[in-house]
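# Residue-level structural notes
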Amino acid sequence: MRLRRNIHSCNSISKQQSTNKKTAMKTSLSTLAILLALPSTFAFAPPSNSISTTTTTTTSLSALQQDLTFTPPDTFNDGEISEQLCTEAAQKMKRVMVPVSKEVSDTGYVGISYIHWEGDAQLKRKENTLPLLLVHGFDSSALEYRRLGPQLAKLGVDVYCVDLLGWGYTQLDDVNSFSAKAKVEALKGFWKTVGSNGEVVVGGASLGGAATIEFAAENLYKASEDGSSDSEGFVRGTVLIDAQGFVDGIGPMSFLPAPLARAGIKVLQSVPLRNSANQMSYHNPETYATEDALKVGRLHCLREGWEDGMLSFMQSGGFRPKEKVSQINVPSLVLWGRQDGILEGKEFAQKFIDTMPDAQLQWIEECGHVPHLEQPEVTASCILDFLRLEKVRPKKSSGTGGGLNAGIFDGLFSMLIK
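Just so it is clear, the model here is predicted, and its values are computed rather than measured.

## Looking at the overall build of the chain
The helix and strand inventory of the chain stands at 15 helices and 14 strands. Going through the 418 residues of the chain one by one, you find that 57% of them count as buried.

This is how it looks when you write it as structure tokens:
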């Protein structure tokens, strides 16, 4: 029987098709432009030399795993971004080499950037919650969680915010595919490397919700039927923040000829276009749709190789989460900004509750499409309450062995014997 939780309220907290082919192309470019321009809202990462979660063995992040070619973005000087939280988040960013198939990279590895906010030690022992893995939205970066990550860490939650392959500050050279499938595959390789496939709650905002659904559906936790300590999968819960889950692909945009698609992608870097989308994302744009916010969402797009990565994703057709939503049978929290002007909550938020077997909805008041940016304290409080639920608590037998180095050495040995 499906469990439908009552709707709670957190206080203080279109389409017209053309039959004309030329018009359809223009519409595709315009839609793509708006999507890409959205401000890092549609993220995951450890800053220290060790990774520690409730369910994984703490081991050092060796030079073998670190991408030694990586330099964190200088958001203050190069990006001219004054927000202190952005500077602090960027300084924590690291990049690690994670295993992928040869379809994604001939080397079998790609560099994935991430930020880790470690939970307050005393509160972490008290709360004893599972770690939280956060995935950013469409063409965004882990910096999207620069406000939510620290708030959750203060409450004792270990937070990992990860860049999806091809976006953020991930490896862009020597990669064969930046498709939706490749993004999910690299995300899985990331948690294998950094989290040792320990139990985790995974969350995503906007299009990051689609990535979260696809990732979770492949890795759902399933207890052993005989009551033993053996189990399958590691995703114990999901957090969906104004998430896209009921739209598959990216429509006609995936069929645009490469030259036309590239022209559209170039337009997406324009400041006026990004500013328009920035304004759409907030309930209070006067306060939050600032020049800094625009720069944070645009900075990674200036990297060499970004255009090729975006083209690869477009030509892949995008994520296809619609048929997988009902498969997410682990406890799930659906968070929605009450004044979201991009994804209408009354339609889409309730649809998650009606479709998922075990989901609860919490509205974030006085908030648009990005609760983690516009109402980070309230959003953090709602997430903590969810992580405290007994059915989301760590299992007593959930410890994992091997640590971080196991995955990387397995990969190296397999390369040597081929």
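That shown, we press on.
## Description of the side chain of T355
Topologically, T355 is positioned in helix 12 (residues 345–355). At a separation of 2.7 Å, a polar atom in the side chain of T355 contacts the main-chain carbonyl oxygen of K351.

## Some details on the pairing of strand 9 (residues 200–205)
Burial of strand 9 is extensive: six of the six residues sit out of reach of the surface. Note: strand 7 (residues 132–135) against strand 9, four bridges, orientation parallel. Across the sheet, the residue bridging to L134 is G203, located in strand 9. Strand direction decides the pairing type here: strand 9 and strand 12 (residues 235–241), joined by six bridges, are parallel. Following the sheet pairing, V202 is matched in strand 12 by T238.

## Comments concerning the pairing of strand 13 (residues 332–337)
Within strand 13, six of the six residues are buried, leaving the element largely enclosed by the surrounding structure. Sheet topology places strand 12 next to strand 13; four bridges connect them, and they run parallel. Residue V239 lies in a different strand from strand 13, and its bridge partner there is L333. Summarising the sheet, strand 13 and strand 14 (residues 358–364) pair through six bridges and their orientation is parallel. From the neighbouring strand, W336 faces strand 14, where its bridge partner is W363. You can see the chain leave strand 13, run along helix 12 and come back into strand 14, and the turn it takes is right-handed.

## Considerations on helix 8 (residues 271–280)
Those residues of helix 8 that sit buried are L273, R274, A277 and N278. Burial along helix 8 is one-sided: seen end-on, the buried residues are contained in an arc of 140 degrees.

## A short note on empty space enclosed by the protein
Empty space among the atoms becomes visible once a probe the size of a water molecule is rolled across them. Space inside the largest cavity adds up to approximately 30 Å³. Lining the largest cavity, in full, are L207, A210, Q244, V247, G249, I250, G318, F319 and P321. Residue composition of the lining of the largest cavity, grouped by class: six nonpolar, three polar and no charged.

## What to know about the pattern of salt bridges
Overall, the coordinates contain 13 salt bridges when judged by the stated rule. In this structure, D385 and R388 form a salt bridge, with 3.5 Å as the shortest nitrogen-oxygen distance. Using a relative accessible area of 39% as the deciding quantity, one classes D385 as partly exposed. For R388, a relative accessible area of 36% translates into the label partly exposed. Through salt bridges that share partners, E80, E291 and K295 make up one connected network.

## Overview of the environment of L384
Take L384: it is sitting in helix 14 (residues 376–387). By relative accessible area, L384 is classed as buried at 5%. In the structure, L384 is positioned 255 residues away from T129 in sequence and 8.4 Å away in space, judged by C-alpha atoms.

## Regarding helix 2 (residues 84–92)
Within helix 2, the full set of buried residues consists of C86, T87, A89 and A90. All buried residues of helix 2 lie within an arc of 165 degrees about the axis, which places them on one face of the element. On its buried face, helix 2 sits against strand 6 (109–117) and helix 10 (291–298).

## Points about the confidence of the model for the chain
Summary statistics for the chain give a mean pLDDT of 82 and a share of 76% for residues scoring 70 or more. pLDDT under 50 marks residues 397–418. Its contacts with residues more than four places away, or in other chains, come to 38 contacts.

## Remarks on the packing of aromatic side chains
Inspection of every chain in the model, using the stated rule, returns 10 aromatic pairs. For the pair Y160 and W191, a centre-to-centre distance of 5.6 Å together with 75 degrees between the ring planes defines the contact as edge-to-face. On the criterion of sequence distance, the pair formed by Y160 in strand 8 (residues 159–162) and W191 in helix 5 (residues 180–195) is long-range, its members being 31 residues apart. You can call Y160 buried: its relative accessible area is 0%. Residue W191 is classed as buried on the basis of its relative accessible area of 0%. Taking 6.2 Å as the distance between ring centres and 45 degrees as the angle between the ring planes, the aromatic pair formed by W336 and F352 counts as tilted.

The rules behind each value
- Residues numbered from 1 in each chain as written.
- Predicted model: local features only at pLDDT ≥ 70, side-chain atom pairs only at ≥ 80, totals over all residues.
- Heavy atoms only, no water.
- Helix = DSSP H or I, 4+ residues; strand = E, 2+ residues; numbered from the N terminus.
- Buried < 20%, exposed > 50% of the residue type's maximum accessible area, 1.4 Å probe, protein only.
- Polar contact = N/O pair within 3.5 Å; in protein donor to acceptor, adjacent residues only side chain to side chain.
- Pairing = 2+ DSSP bridges.
- Right-handed = clockwise from strand over helix to strand, strands pointing away.
- Arc of directions from axis to C-beta.
- 1 Å grid on protein atoms, 1.4 Å probe; cavity = no way out; pocket = protein on both sides within 12 Å on 5 of 7 lines; lining within 4 Å.
- Points joined across faces, edges and corners; volume = space filled by probe spheres on them.
- Nonpolar A, V, L, I, M, F, W, Y, C, P; charged D, E, K, R; others polar.
- Salt bridge = Lys/Arg side-chain N within 4 Å of Asp/Glu carboxyl O.
- Contact = heavy atoms within 4.5 Å.
- pLDDT = per-residue confidence, 0-100.
- Phe/Tyr/Trp six-rings, centres within 6.5 Å; stacked < 30°, edge-to-face > 60°.

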